[in-house]
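Summary of structural features
Next come the chains, spelled out residue by residue.
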Amino acid sequence: MRVGTGYDSHRFAAGRRLVLGGVIIAHEFGLAGHSDAGVVAHAVTDAILGAAGAGDIGRHFPPADARWRDADSLSLLRTAAAIIAEDNYQVVNVDVTVVCESPRLATHIEAMRQALAGALGIAPRLVSVKGKSNEGMGWIGRGEGIAALAVALVHAIGE
C-alpha cells in the first residue's frame with residue numbers, strides 16, 4: 001500500500017465555466033488555467049501519481065504543451081489512472097477537501113463522487129469529497145479562487 005497527496009488551486013476568471021470534480025457548476029466565474037482548471041480532479045491526479053511514484057500532473061501534462069489547452073480534467077485523471085496501472089498500481093480510495101467560499105458544494109458532492117469514481121475505475125463509495133469554507137480568511141476567504149487537497153491510497157496489484 002502507498003499513500004499520495006495532491007494539491008491544486010486556481011484563481012477565479014470571468015468567461016470560463018466552473019468545473020469541479022468533473023461536474024459543471026453554475027457560478028458567475030470559472031477558474032483560470034491552461035486546462036479546464038478543475039482543481040478537484042487535478043489534486044486527485046497528483047495524489048494517485050504521487051502514491052505510485054509516477055511524478056506529478058505537470059510532468060505528464062505540461063502546461064506549455066498545447067495538447068492540454070482546455071483539456072478535460074477528468075480525462076487527465078483517467079490517463080493518470082492508466083499510467084499507474086501500467087506500473088501495476090490500482091487506486092484503493094480517494095479523499096478530497098475542496099476549500100472555497102462560493103459556490104456552496106453540498107448539492108454537487110454526489111455527482112463529483114460519481115464522476116471521480118468513474119474516471120478512476122472504482123466504486124463511488126471509495127471516493128469522498130468534502131466542501132469547506134476558509135471562514136473569510138486569506139485569498140480563498142476573499143473569494144479569489146478555489147483550492148483542493150486530496151489523499152489517495154493505492155496498492156500494487158498482485159501483492
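Calculation criteria
Residues numbered from 1 in each chain as written. Predicted model: local features only at pLDDT ≥ 70, side-chain atom pairs only at ≥ 80, totals over all residues. Heavy atoms only, no water. Core = buried A, V, L, I, M, F, W, Y, C linked by side-chain atoms within 4.5 Å. Buried < 20%, exposed > 50% of the residue type's maximum accessible area, 1.4 Å probe, protein only. Helix = DSSP H or I, 4+ residues; strand = E, 2+ residues; numbered from the N terminus. Contact = heavy atoms within 4.5 Å. Patch = residues over 30% accessible without salt bridge, like charges linked within 9 Å, V, L, I, M, F, W, Y side chains within 5 Å. Areas by Shrake-Rupley, 256 points an atom, 1.4 Å probe, with all protein chains shown as cover. Salt bridge = Lys/Arg side-chain N within 4 Å of Asp/Glu carboxyl O. 1 Å grid on protein atoms, 1.4 Å probe; cavity = no way out; pocket = protein on both sides within 12 Å on 5 of 7 lines; lining within 4 Å. Points joined across faces, edges and corners; volume = space filled by probe spheres on them. Nonpolar A, V, L, I, M, F, W, Y, C, P; charged D, E, K, R; others polar.

Let us now look at the nonpolar core. Counting 47 residues, the largest nonpolar core has Leu 20, Ile 48, Val 96, Leu 120 and Ile 146 as its most contacted members. If you list the elements that add at least two residues to this core, you get strand 2 (18-20), strand 3 (23-25), helix 1 (39-51), helix 3 (73-86), strand 5 (89-99), helix 4 (109-120), strand 6 (127-132) and strand 7 (145-156). Broken down by element, the residue count for this core peaks at nine residues, all from helix 1. Residue contacts for Val 96: discarding those within four places in its chain leaves Val 40, Val 44, Ser 128, Val 129, Lys 130, Ala 148, Leu 149 and Ala 150. With five residues, the next largest nonpolar core counts Ile 57, Phe 61, Trp 68 and Ala 71 among its residues.

Turning our eyes to something else, we now look at a nonpolar patch on the surface. A cluster of nonpolar residues, Tyr 7, Trp 139 and Leu 149, forms a patch on the protein surface that exposes about 290 Å² of accessible area. You can see Trp 139 is positioned in helix 5 (residues 138-141).

Let us look at the layout of surface pockets. If you add up the space inside the largest pocket, you get close to 210 Å³. In this structure, the largest pocket is lined by 13 residues; those nearest its centre are His 34, Ser 35, His 42, Phe 61 and Pro 63. If you list the elements that add at least two residues to the lining of the largest pocket, you get strand 1 (2-13) and helix 2 (57-60). Taken together, the residues of the lining of the largest pocket break down into six nonpolar, six polar and one charged.

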